[in-house]
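Examining the three-dimensional arrangement
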Amino acid sequence: MSTAAEKLTTTSQGSTTTGAARGFDVEKLRRDFPILEQRVHGKPLVYLDNAATSQKPQAVIDAISRYYEQENSNIHRGVHFLSERATEEYEAARSSAQEFIHALKPHEVIFVRGTTEAINLVAQTYGRAHVSAGDEVLITAMEHHSNIVPWQMLCDEKHAKLRVAPISDSGELLLDEFVNLLGSRTKLVAAAHVSNALGTVNPVRQMIEMAHSRNIPVLIDGAQAVPHCAVDVQELDCDFYAFSGHKMYGPTGIGILYGKSALLEEMPPYQGGGDMIASVSFEKTVYNRLPYKFEAGTPHISGGIGLGAAIEYLKSIGMNAIAAHEHDLLSYATDAVSEVPGVRLVGTAKEKAAVLSFVMEGIHPHDIGTILDQEGIAIRTGHHCAQPIMTRFGIEATARASFALYNTREEVDALVRGIHKVREVFA
Amino acid sequence: MSDLRDLYQDVILEHSKAPRNFRELAAANHKAEGFNPLCGDHFTVYIDVEGDSIRDISFQGSGCAISKASASMMTQSLKGKTTAEAEQMFGKFHKLVTGQSPANSEPADLGKLAVFSGVSEFPVRVKCATLAWHTLHAALQGKQEAVSTE
């Protein structure tokens, strides 16, 4: 596809989605998610824990069932009918993902278990090959543990140093500090696109440009971004982009690592086994070409197919329409929740996506979670696998409501009523 | 709402807001730290044991209403008890909050701690209610490592 054609597609998509956002039929979309029909503790389920995992539409559930009912077989090795069909479906999912994130080639899309495995893969292959004693890896203060610990392990092993770019009181990356930390010893930058605990959208385009001007490659943790906005890895020019299927309406246990061809080509393999080889003898093994070099063993076939269905589902709605709907919900919720006396929002960056973290004076988030649960409202409470952020804000935990395409203003109203109930119990 | 009131009884809320024996104990000869890594709750229990009896006991730290009230009421009920009695009470308390107490038998010997019976309807909160007790156990055993609910 030529760049011009791509631009044209983006533009026409952009104009249709304005209309789609206006006509965004959330009630109709909710019917695609069978789980949302249930009642919890006698109340309609209000599911606001989407940053932990999203619910799955019927299309995804059906794709997985169909695979097991009609296509189940191993891929990339059978000459028989079923194997051919399963392989076709699995590879079609890869192409869907490629198109979805605008990767140049399908082989730049590697199936992994999830964001965590994607980051560990890069740390253990690219990282171990390029980071030596005295080198540095730069992350930000708002990373999820999965974008901290793999780098810590690498730095420990290599006697390298993990550097952390600080954030402001509103939860925004301090870009000046970030750029100052990019030094001659920096071998890699790893940063979240969207913070899972704060909802901050990082200026990743700018960060990547800053790093690239010093020839430093960049990995973006896109776990919290891909479900909420259109992502174009070529436009971002990131070197690696990691995300999970289950946060974007797909199954658990499947995710994607995007990497630029040239980098993936020169990287050593991650795990050894079947499928990742071209030929094996006891003297020498020749590794398979991309992407299979990084996909040892029988993969999560139904997961890949399910993720493909989730991507097609998202494409059918349009990411810009989803972003507009969620933006509306977030600003409505931000206003409503911050008006409740004794409530303080944690993470008030100008650019945010789908996450509302808050604390209540004198009330522990765990208690907020239990009381809301009795109202049928599911939120997350705790440190959100981001303990350093909690430390940064001098708290131990927050209550976090996070939104998805199927959430409504009425559900936000239910959340606000629930928070009032919390206040009553603790009055 | 009635369910919630079973959990958040007035006595529990009151203790969570104004915990008793909430201080460091200079004379403590037993001390342990306890964590709940899932929610970040973190308490230190201090005990001054003389012979086999608990002369004084206190705690410090932070946590949810249930864990804090439980720690507060635990210190109140253990002062003056023997260490063996304390361990016994832990066993009974654990049965109470996990719903394993024999039906219709009011755990009279648990005294005021019986208000925690509502926890048994909220299985995910059992760890909150027992964190201080696990920490107490570790302190009495003289364990050096912090205990964790996980």
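The shown structure was predicted, so the numbers you read here are calculated from the model rather than taken from an experiment.

Regarding the interface of chain B and chain A
Counting residues at the interface gives 14 residues for chain B, matched by 14 residues for chain A. Residue classes in the side of chain B that touches chain A are distributed as 9 nonpolar, 3 polar and 2 charged.

Concerning helix α2 (residues 10-17) of chain B
Residue and element names in this part refer to chain B. All of the buried residues along α2 are Ile12, His15 and Ser16. The buried side chains of α2 occupy one side of the element, clustering within an arc of 100° when seen end-on. Residues of α2 that are exposed and point more than 90 degrees away from the buried face comprise Asp10 and Glu14. Looking at the buried side of α2, the elements it contacts are α3 (65-78).

Overview of the sheet that holds strand β14 (residues 355-360) of chain A
Residues and elements named next belong to chain A. Strand order across the open sheet formed by 4 strands is β13-β14-β17-β16, with antiparallel pairing between neighbours. Single-partner strands in this sheet number two, and they are β13 (343-346) and β16 (380-382). When the angles between neighbouring strand axes are averaged without regard to direction, this sheet yields 30°. The pairing of β16 with strand β17 (residues 398-402) spans 3 bridges and is antiparallel. Bridge pairing in β17 places Arg380 opposite Arg400. Helix α12 (residues 319-338) rests against β13, β14 and β17 of the sheet, and its axis sits at about 5° to β14.

Concerning the pairing of strand β5 (residues 136-140) of chain A
Residues and elements named next belong to chain A. In terms of residue burial, β5 counts as a mostly covered element, since 5 of its 5 residues are buried. Burial along β5 is two-sided: the face carrying Glu136, Leu138 and Thr140 and the face carrying Val137 and Ile139 are both buried. Note that β5 and strand β6 (residues 161-165) share 5 bridges and pair parallel. Residue pairing for β6: Thr140 is matched across the bridge by Ala165. Handedness of the crossover joining β5 and β6 through helix α6 (residues 149-158): right-handed.

What to know about the domain arrangement of chain A
Residues and elements named next belong to chain A. Structurally, chain A comprises domain 1 (26-31 + 318-425) and domain 2 (62-316). Summarising the inter-unit geometry, the C-alpha centres of domain 1 and domain 2 are found 28 Å apart. Opposite the 24 residues of domain 1 that make contact, domain 2 presents 20 residues. Contributions of two or more residues to the side of domain 1 that touches domain 2 are made by α12, β14, α14 (387-392) and β17. With 5 residues, α12 is the single largest residue contributor to the side of domain 1 that touches domain 2. Tallied by class, the residues present in the side of domain 1 that touches domain 2 amount to 13 nonpolar, 6 polar and 5 charged.

Rules used in this analysis
- For every chain, the first residue of the written sequence is number 1, and numbering continues from 1 onward in sequence order.
- Chains and ligands are labelled sequentially in the order written, the chains with letters from A and the ligands with numbers from 1.
- It should be noted that, the model being predicted, local features are given only for residues of pLDDT at least 70 and side-chain atom pairs only at 80 or more, the latter also being counted only at that level, while totals for whole chains, interfaces and linings use all residues.
- By definition, residue pairs are in contact when their C-beta atoms, positioned from the backbone, come within 7 Å.
- For this scheme, ten residues count as nonpolar: Ala, Val, Leu, Ile, Met, Phe, Trp, Tyr, Cys and Pro. Four count as charged, namely Asp, Glu, Lys and Arg, and the remainder, Gly too, count as polar.
- The exposure scheme places C-beta atoms from the backbone and then counts, for each residue, the other C-beta atoms within 10 Å of its own, assigning buried at 20 or more, exposed at 12 or fewer, and partly exposed in between.
- Under the scheme used here, helices are H or I runs from DSSP no shorter than 4 residues and strands are E runs no shorter than 2 residues, and both carry numbers assigned from the N terminus.
- Working definition: the arc comes from the directions between the helix axis and the C-beta atoms, pointing outward to the latter.
- Strands qualify as paired when DSSP identifies two bridges or more between them.
- Note on geometry: axes are lines fitted to C-alpha atoms, helical ones only across the stretch in contact, with angles between N-to-C directions running from 0 to 180 degrees.
- Consider the strands pointing away from the viewer: the crossover is right-handed when the path from the first strand over the helix to the second runs clockwise.
- Note that the domain bounds reflect an automated or database-derived domain assignment.

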